[in-house]
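# Reading the structure
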Amino acid sequence: MPLATLADKAASWGYDGLELAAAGDHFNVQRALEDGDYAQRHHDLLAEHGLRVWAISNHLVGQAVSDPVDERHARILPDRIWGDGDPEAVSERAAEEMKRTARAASALDIGVVTGFTGSPIWHLLYSFPPVDPATIDEGFAQFAEQWTPILDVFEEEGVKFALEVHPTEIAFDVATAERALDAVDHHPAFGFNYDPSHFGYQGADYLGFIDTFADRIFHVHMKDVWWADERRPAGVFGGHLPFGHEDRYWDFRSIGRGKIDFEAVVRGLNRVGYHGPLSIEWEDSGMHREHGAEEACERVRGYDFPPAEGAFDAAFEEEEA
């Protein structure tokens, strides 16, 4: 969908801005760096609809930095990043593109880029023959080696990188997020795009994540997920069934139609002082996406509220003379 069309629709649905994906005509990293007026034209286009840019997303390119690259990546990467498909060369080009994304975000005066990192060890999860723990250590070390130079550029540009904690990434729950943060030596440019939907069906503590990483939540995705109360033919791993299949144990749902406790999420974010956007990432295989986009915006506005300025009974306290 062209950005102009999306902006018109988003405004009519009640949104106040967009998280622009580095894809299509939504945001072009190269043009942002080469065309001095590109960023302003984007701001102007969105301003015509009463919208602003809240973040830039470059999940697809980021995935290729630390993944073992194979033919699947050709379907998600720009041709100039895929090139000849040599895995090492693809990862190197992806890393350079993420550095350029930091510079492009800075040119757009945006302080956060959301994305994926990929993972050299995700494919070893629950594997047999058993994995030597040293191999996992090496995977986190490889992630740090590949991403620290990228994060250095983010820091130079005054931009934060927010990894979406997500299965297939170097961090996919609380434990691995802690380990990823340690691996990059708590780099000041590295933090998280918090999305509770990726925790709930795993049984991971999506509310505890907020308190554990209070100062590292740079961006928030509001997305819901449903999981069954009873056993299903396909469990947590999905049984190689497509999203929306009735035999799945879990599936993403439009906000308010799954099992995430969004009031608790908002209260937690308020408690730790998060002041960034609540960006709706919408997925529901059983619902028309435009209906879902409008409904989700209304529901998130209903969940959101400003934090209290003090305890409700503070009025009874007497100031000391």
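Above this note sits the structure.
Just so we're clear, the structure is a prediction, and the values are computed from it rather than from any experiment.

A few words now on a nonpolar patch on the surface. Together, Leu125, Tyr126, Val236 and Phe237 make up a nonpolar patch on the protein surface, roughly 500 Å² of accessible area in all. Its location among the elements puts tyrosine 126 in the loop between strand 3 (112–115) and helix 7 (133–157). Look at tyrosine 126 and you get exposed, because its relative accessible area is 72%.

Spanning 15 residues, helix 12 (residues 289–303) covers 20 Å between terminal C-alpha atoms, matching the ideal 21 Å at 1.5 Å per step. For helix 12, the set of buried residues is Gly292, Ala293, Glu295, Ala296, Cys297 and Val300. The secondary structure elements touched by the buried residues of helix 12 are helix 1 (3–13), strand 6 (217–222) and strand 9 (278–280).

Burial analysis of strand 5 (residues 190–194) places five of its five residues in the buried class, which makes it a mostly covered element. Bridging between strand 4 (residues 160–164) and strand 5 involves four bridges; their strand directions are parallel. Residue pairing for strand 5: alanine 162 is matched across the bridge by glycine 191. Between strand 4 and its parallel partner strand 5, the chain crosses via helix 8 (residues 174–183), and the hand of that crossover is right-handed. With three bridges joining them, strand 5 and strand 6 adopt parallel strand pairing. If you follow tyrosine 194 over to strand 6, its bridge partner there is valine 220.

So, how was this worked out
- Residues numbered from 1 in each chain as written.
- Predicted model: local features only at pLDDT ≥ 70, side-chain atom pairs only at ≥ 80, totals over all residues.
- Heavy atoms only, no water.
- Patch = residues over 30% accessible without salt bridge, like charges linked within 9 Å, V, L, I, M, F, W, Y side chains within 5 Å.
- Areas by Shrake-Rupley, 256 points an atom, 1.4 Å probe, with all protein chains shown as cover.
- Salt bridge = Lys/Arg side-chain N within 4 Å of Asp/Glu carboxyl O.
- Helix = DSSP H or I, 4+ residues; strand = E, 2+ residues; numbered from the N terminus.
- Buried < 20%, exposed > 50% of the residue type's maximum accessible area, 1.4 Å probe, protein only.
- Expected span 1.5 Å × (residues − 1).
- Contact = heavy atoms within 4.5 Å.
- Pairing = 2+ DSSP bridges.
- Right-handed = clockwise from strand over helix to strand, strands pointing away.

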